[in-house]
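If you want the building blocks of each chain, they are given just below.
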Amino acid sequence: MLLSRRTRGAPGRAGPGLRTRVGGSAELRGVSKSYPGVEALVEFDLTVAQGEFVAIVGPSGSGKTTAMRVLGGFEQPDSGSVWIAGRDVTSLPAQRREVNTVFQNYALFPHLSVAENIGYGPKLRGVRAKNRAALVDDLLRLVQLEGVQQRRPAQLSGGQQQRVAIARALANEPAVLLLDEPLGALDRRLRGDLQIELRRIHRELGTSFVYVTHDQDEAFGLADRVVVVHEGRVEQQGTPAEIYDAPATLWAARFIGEHNFVTGRVDTSRGPRWSIATDVGLLHAETAHGAPAVGEPVVVAVRQERMAIEPRPPSVVDNAVPVRVTEVVDVGPELRISASTPGGTTFVSSCPRWGGPTVPDVGADVVAHWPAASAHVYPLSTL
Ligand code: ADP
Ligand code: MG
């Protein structure tokens with residue numbers, strides 16, 4: 001295998017076709033971009049280190065595609081600058097940047113064969129036919145789609161077309177590969193398969209990847225680092241674990257994963273422990289974000305999988321609220337138990353179907369409990 005030689009770290013040529021490519025860094029520095037009536041990006045900073053796999057995740061309309069278009073050179077920022085591999089490329093057109101983009105809708109040339117699609121960029125660069133053919137073979141092997149060189153895009157499935165689109169983008173040996181919801185049109189299983197392959201391709205090539213998605217599972221599963229965007233701004237960035245374990249804002253907490261939220265007011269803060277007065281009693285938390293003052297309205301957030309709902313809690317717990325079970329939903333890998341207080345506050349616990357606590361019956365009187373370490377406090381005003 002030509003490629004395996006390269007993964008052992010030999011620099012230079014991986015074979016007759018594909019060359020080793022060290023990824024380049026990419027940066028947006030304070031980029032703002034407005035369209036009539038909408039600020040798509042506001043003072044947006046993005047740093048992608050050499051060889052890194054960064055995912056940009058946010059809801060539809062949050063500015064993800066605009067950020068990709070500015071990086072790729074398809075859109076000029078109103079202010080700020082764009083840097084690729086340490087060079088200011090703000091005024092360079094798309095074709096002169098060492099960046100290639102894979103879009104959701106494949107965007108293959110329908111009248112060209114797979115080989116011609118992948119070889120298109122190299123042909124423009126003057127790569128000879130023989131070397132081009134070798135490069136196409138290498139790339140098709142890389143995306144695990146061999147023997148389809150002469151087919152037209154219409155003769156391939158959606159997943160196969162997207163593999164060709166990835167191969168075509170990589171044929172230009174970009175320092176940075178941009179992927180804008182590339183798997184969005186594929187079904188769930190195919191998406192999962194291609195996610196695993198993208199990680200492998202990233203590992204083997206060393207090219208920097210910037211991957212845009214609205215799907216948090218995809219972002220967290222793929223990337224070394226995740227950038228969460230909201231209304232054209234970076235809401236939070238960090239490793240998947242950093243963001244999952246401690247969403248920096250209430251918005252990020254709502255966007256990432258499933259939480260229980262209880263509103264209240266700060267009663268006391270002593271050492272690392274915060275006490276919050278709520279309708280369901282005094283609740284305790286170890287982490288507060290945004291330094292809320294005593295008396296300030298806040299939200300206590302606890303992930304559903306950190307919440308336990310069971311008849312007999314351990315004797316010492318940080319937070320315990322008597323509740324009655326209202327619903328048990330079996331979603332396959334896990335169970336979701338809902339339970340409410342007489343006052344109407346509902347808690348949801350998600351627990352593994354096997355190895356979890358004994359599942360209470362609907363109508364049973366039980367206790368919702370959770371450790372202070374799993375509770376995060378956010379100012380209500382940040383919503
Ligand atoms: P995302 O990719 O996160 O869904 P976009 O970057 O496509 O978001 O869009 C961000 C905002 O900018 C949206 O409100 C969108 O309607 C607006 N927008 C994007 N492109 C244009 C355009 N060419 N003209 C006008 N508005 C645009
Ligand atoms: Mg988009």
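Residues numbered from 1 in each chain as written. Chains lettered and ligands numbered in written order. Predicted model: local features only at pLDDT ≥ 70, side-chain atom pairs only at ≥ 80, totals over all residues. Heavy atoms only, no water.

For the protein, the name recorded in an unreviewed UniProt entry is ABC transporter ATP-binding protein, with Pseudonocardia xinjiangensis as its organism.

## Brief notes about the nonpolar core
In this structure, Ile118, Leu139, Leu140, Leu170, Leu198 and Val226 are the most contacted members of the largest nonpolar core, which totals 44 residues. No other element matches helix α5 (residues 158–171), which puts 7 residues into this core. Residue contacts for Val226: discarding those within four places in its chain leaves Ala55, Val57, Ala219, Phe220, Gln236, Gln237, Gly238, Pro240 and Ile243. (Core = buried A, V, L, I, M, F, W, Y, C linked by side-chain atoms within 4.5 Å. Buried < 20%, exposed > 50% of the residue type's maximum accessible area, 1.4 Å probe, protein only. Helix = DSSP H or I, 4+ residues; strand = E, 2+ residues; numbered from the N terminus. Contact = heavy atoms within 4.5 Å.)

## Regarding the sheet that holds strand β3 (residues 53–57)
On the basis of which strands lie adjacent, the open sheet formed by 6 strands has the order β6-β7-β8-β3-β9-β10 and mixed pairing. For this open sheet the edge positions go to β6 (99–102) and β10 (233–238), each flanked by a neighbour on one side alone. Each adjacent strand pair in this sheet contributes to an overall mean axis angle of 20°, direction not counted. Alignment of strand β7 (residues 176–180) against strand β8 (residues 208–213), held across 5 bridges, turns out to be parallel. Looking at β8, one finds that Leu178 is bridged to Val210. Here helix α2 (residues 64–72) sits on the sheet in contact with β3, β6, β7, β8 and β9 (225–230), set at roughly 150° to β7. Contacts from α5 reach β6 and β7 within the one sheet, and its direction differs from that of β6 by about 175°. (Pairing = 2+ DSSP bridges. Axes fitted to C-alpha atoms, helices over the stretch in contact; angles between N-to-C directions.)

## Describing the pairing of strand β4 (residues 79–84)
With 5 bridges connecting them, strand β1 (residues 26–35) and β4 associate as antiparallel partners. Across the sheet, the residue bridging to Leu28 is Val82, located in β4. Pairing analysis gives 2 bridges linking β4 to strand β5 (residues 87–88), with the strands arranged antiparallel. If you follow Ile84 over to β5, its bridge partner there is Arg87.

## Some thoughts on the packing of aromatic side chains
The description of an aromatic ring pair rests on the distance of the ring centres and on the angle between the ring planes. Within this structure, the stated rule accounts for 7 aromatic pairs. Relative to Phe209, the ring of Phe53 lies with its centre 5.2 Å away and its plane at 55°, an arrangement referred to as tilted. Of this pair, Phe53 sits in strand β3 while Phe209 sits in strand β8, placing them 156 residues apart in sequence. Among the residues examined, Phe209 registers a relative accessible area of 0% and is labelled buried. Relative to Tyr244, the ring of Phe220 lies with its centre 6.4 Å away and its plane at 75°, an arrangement referred to as edge-to-face. With Phe220 in helix α7 (residues 216–222) and Tyr244 in helix α8 (residues 240–245), the pair connects residues that are 24 residues apart, well separated along the chain. (Phe/Tyr/Trp six-rings, centres within 6.5 Å; stacked < 30°, edge-to-face > 60°.)

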